[in-house]
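Structure assessment
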Amino acid sequence: MSCAPSTKIYGVSQPISTNAPTKSDVKLTDSLNESLHQFNCYESKEESMTRVKVLSKLNALAKQWIKTLTVQRIPNGHELNAGGKLISFGSYRLGVHNSGADIDALVIAPRHVTRLDFFTSFKKMLLENSSVKNLECVENAFVPILTLAFDGIDIDLLFARLELTKIPDDLDLSNDSILQNLDESSIRSLNGCRVAESLLKLVPNRKSFCMTLRAIKLWAKNHGVYSNAMGFFGGITWAILVARTCQLYPNAAPSRLIQKVFFVFSTWKWPSPVILKHFNESKISTLNNLVWNPRVNYADRFHMMPIITPAFPEQNSTHNVSKSTLHIIQEEMKSALIICDQIHAGNATWNNLFEEVNFFSRYRHFVALSMNEESNEGFFESRIRQLVQIMERNCQVKLAHINPKKFKSVQNASVWFLGLELIENAKNLDLTAEIEGFKKNVEKQAKGIQITLDATFVKRSDLIKWIPVTDLKKGRFVNKSTGTKKRPVSSSPPLSEVSQVAAKKPCIDINAPLIKMKSNN
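Only a predicted model underlies this, so the values are computations on that prediction, with no experimental measurement involved.

Cut-offs applied
- Residues numbered from 1 in each chain as written.
- Predicted model: local features only at pLDDT ≥ 70, side-chain atom pairs only at ≥ 80, totals over all residues.
- Heavy atoms only, no water.
- Axes fitted to C-alpha atoms, helices over the stretch in contact; angles between N-to-C directions.
- Helix = DSSP H or I, 4+ residues; strand = E, 2+ residues; numbered from the N terminus.
- Left-handed = near helix turned anticlockwise from the far one by under 90°.
- Contact = heavy atoms within 4.5 Å.
- Nonpolar A, V, L, I, M, F, W, Y, C, P; charged D, E, K, R; others polar.
- Phe/Tyr/Trp six-rings, centres within 6.5 Å; stacked < 30°, edge-to-face > 60°.
- Lys NZ or Arg CZ within 6 Å of the ring centre and 35° of its normal.
- UniProt positions renumbered as here; feature names shortened; annotations may be inferred.
- Parallel < 35°, antiparallel > 145°, perpendicular 65-115°, else oblique.
- Buried < 20%, exposed > 50% of the residue type's maximum accessible area, 1.4 Å probe, protein only.
- Polar contact = N/O pair within 3.5 Å; in protein donor to acceptor, adjacent residues only side chain to side chain.
- Pairing = 2+ DSSP bridges.
- Salt bridge = Lys/Arg side-chain N within 4 Å of Asp/Glu carboxyl O.

**Some details on the packing of helix α12 (residues 384–392) against helix α13 (residues 432–445)**
Remark: α12 packs on α13, axes separated minimally by 9 Å, with the N-to-C direction vectors making an angle of 145°. Crossing geometry of α12 relative to α13 is assigned as right-handed. On α13, the residues that touch Ile384, Gln386, Leu387, Ile390 and Met391 of α12 are Glu434, Ile435, Gly437, Phe438, Asn441 and Gln445. Considered class by class, the residues forming the contact of α12 with α13 number six nonpolar, four polar and one charged.

Here you go:
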């Protein structure tokens, strides 16, 4: 009596389907690849070669820097090969970067090289290199970083110091023991590399994973749901969702996997966590408190859409998600699933899925957040989600939707827009307290940072006073009453008609429409 072969398990459960791609799936994957090229999701061979050369040069610089410090600090250091290593991570390591995208990289050094050295002597070495431009350092960030352009390629450079006398070229980053006795900044810096390596090991078909992830990232960016800082999903979160879908459909083609991403996660029972592998308790007990565990860590119980990184210490990549962004992500996935079904039925194309959606057609009321200090935009962007959370507490605000896209106002200031959906019979809503509360929060956090922010209520009919009409009419328009999305820049309603429609809805009475915030701490 013969036994049926068991189904191979990927991740934490058996696959939903192991079906091979159909002829239609293969054909749609070919057309998907063509669409991704049309949207400039791939770089040229020349740019790819430039990236390889840049990373090689940076790696050589890092090794030389470590060698110099080794000779200075270690007896007979000139005889010791202390090594050192530059490792890429993020979208470049996963193979899903676009043309012009930056590269996330990490310098790994032995124990006699410190973070202070990285921000002093290594910074000095980079400044003296003619290939390096626009070098900036942020030493006090949650993850300390150097940013630079090397031969025209933007680089985000992190640093980690290991408790090793030398760093071999074949260093195994998946080994948890390398985290022993490290400071928290080094652990955070290593996390990106360890997660990327783990992801690539956990997917059954790397090529299908990469094409699917390229497509999902393009869709997410054009639908305004790609920004970890603003409460949506960042690149690593979308990568985990795609990886889990690949585990559930290990033989599926990218054209089918895209559809399944939206099917699986538009119907997911949140806050059940998404995980790619079972947790293994590490021997490094001092780091177990960093692992996502709602049974032990009280704060973890309030995470709305937990999507867990696959490398120790396993952490939630979506702790910034709020009630509003959860709803927006779910609704976008539901709409995307409908379009994917139409694509597979031959009634739509990939362009219908990827085309940018017009944010300003979604809402009739907005809060415009503008600032002039470009050097502090990163600080401010990471705080905008706080205004969303404050707005959510107002009983007359049904939904607060921040658009991650930054615009240039007609006054040449940087401006972001928060769209507001009100309850049905909202009247005389005064948002002064909410905006003042946001002001106070940012003022407290802006220690040593000078920032001047204008927060202004704007009706849809007045948006033309803020940004160019080309920005207002870009992308497919959304009919909020039916939830449908209409194509049309050319057939979109004129601004005069937009203002008439806006007038039919209750207006908001803001006592202080313009609030200026200054922090000179």
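That was the structure; now back to the text.
**Some points on the packing of aromatic side chains**
Under the counting rule described, the total for this entry stands at 23 aromatic pairs. Among the aromatic residues, ring-to-ring pairing joins Phe359, Phe360, Tyr363, Phe366, Phe407, Phe417 and Trp466 into one connected group. A cation sits over an aromatic face here: Arg188 above Phe142, 3.8 Å from the ring centre. The lysine or arginine in question, Lys260, covers the ring of Phe263, its NZ or CZ lying 5.5 Å from the ring centre.

**Concerning the UniProt feature "binding site: ATP" (unreviewed entry) in the protein chain**
Taking the numbering used here, the UniProt-annotated feature "binding site: ATP" (unreviewed entry) corresponds to Phe89, Gly90, Ser91, Asp102, Ile103, Asp104, Asp156, Lys217 and Tyr226. With respect to the element layout, Gly90 can be found in helix α3 (residues 90–94). Among residues more than four places away in sequence, those in contact with Gly90 are Asp104 and Ala196. Looking at where Asp156 falls in the secondary structure, it is placed in strand β5 (residues 153–161). For Asp156, the contacting residues outside a window of four places in its chain are Asp102, Ile103, Asp104, Ala105, Ile145, Leu146 and Thr147.

**Examining the packing of helix α6 (residues 206–222) against helix α7 (residues 235–248)**
For the pair α6 and α7, interaxial distance at closest approach is 10 Å and the crossing angle is 135°. Of the possible angle classes, the one that applies to α6 and α7 is oblique. As for the relative orientation of α6 and α7, their crossing is right-handed in sense. Packed against α6, whose contacting residues are Phe209, Thr212, Leu213, Ile216, Trp219 and Ala220, the element α7 presents Trp238, Ala239, Val242, Ala243 and Cys246 at the interface. In terms of residue class, the contact of α6 with α7 is made up of 10 nonpolar, one polar and no charged.

**Considering the side chain of Arg476**
Along the chain, the position of Arg476 falls in the loop between α14 (469–472) and β11 (477–479). In this structure Arg476 comes out as buried when scored by relative accessible area, which is 6%. Within polar-contact distance, the side chain of Arg476 engages the backbone oxygen of Asn352 at 2.8 Å.

**Details of the environment of Ile216**
With respect to the element layout, Ile216 can be found in helix α6. Since its relative accessible area comes to 0%, Ile216 is described here as buried. Distance from Ile216 to Val261, taken between C-alpha atoms, is 8.6 Å for residues 45 residues apart in sequence. Discounting chain neighbours no more than four positions away, the residues touching Ile216 are Trp238, Val242, Ile258, Val261 and Phe262.

**Describing the sheet that holds strand β4 (residues 145–150)**
Strand order in this open sheet of five strands is β1-β2-β5-β4-β3, and the pairing throughout is mixed. Where the open sheet ends on each side, the last strands, each with one partner, are β1 (85–89) and β3 (132–138). Averaged over all pairs of adjacent strands, the angle between their axes in this sheet comes to 25°, without regard to strand direction. Pairing of β1 with strand β2 (residues 103–109) involves five bridges; the strand directions are antiparallel. The residue bridging Leu86 from the neighbouring strand is Val107, located in β2.

**Section: the pattern of salt bridges**
A side chain with one charge may pair with a side chain of the opposite charge, provided their charged atoms come close. Under the criterion given, the structure shown has 20 salt bridges. Note that Lys334 is salt-bridged to Glu331, the shortest N-O span being 3.5 Å. Of this pair, Lys334 and Glu331 both sit in helix α9 (residues 323–344), three residues apart, roughly one helical turn. For Lys334, a relative accessible area of 40% corresponds to the partly exposed category. The class for Glu331 is partly exposed, based on a relative accessible area of 34%. In this structure, Lys405 and Glu356 form a salt bridge, with 3.5 Å as the shortest nitrogen-oxygen distance.

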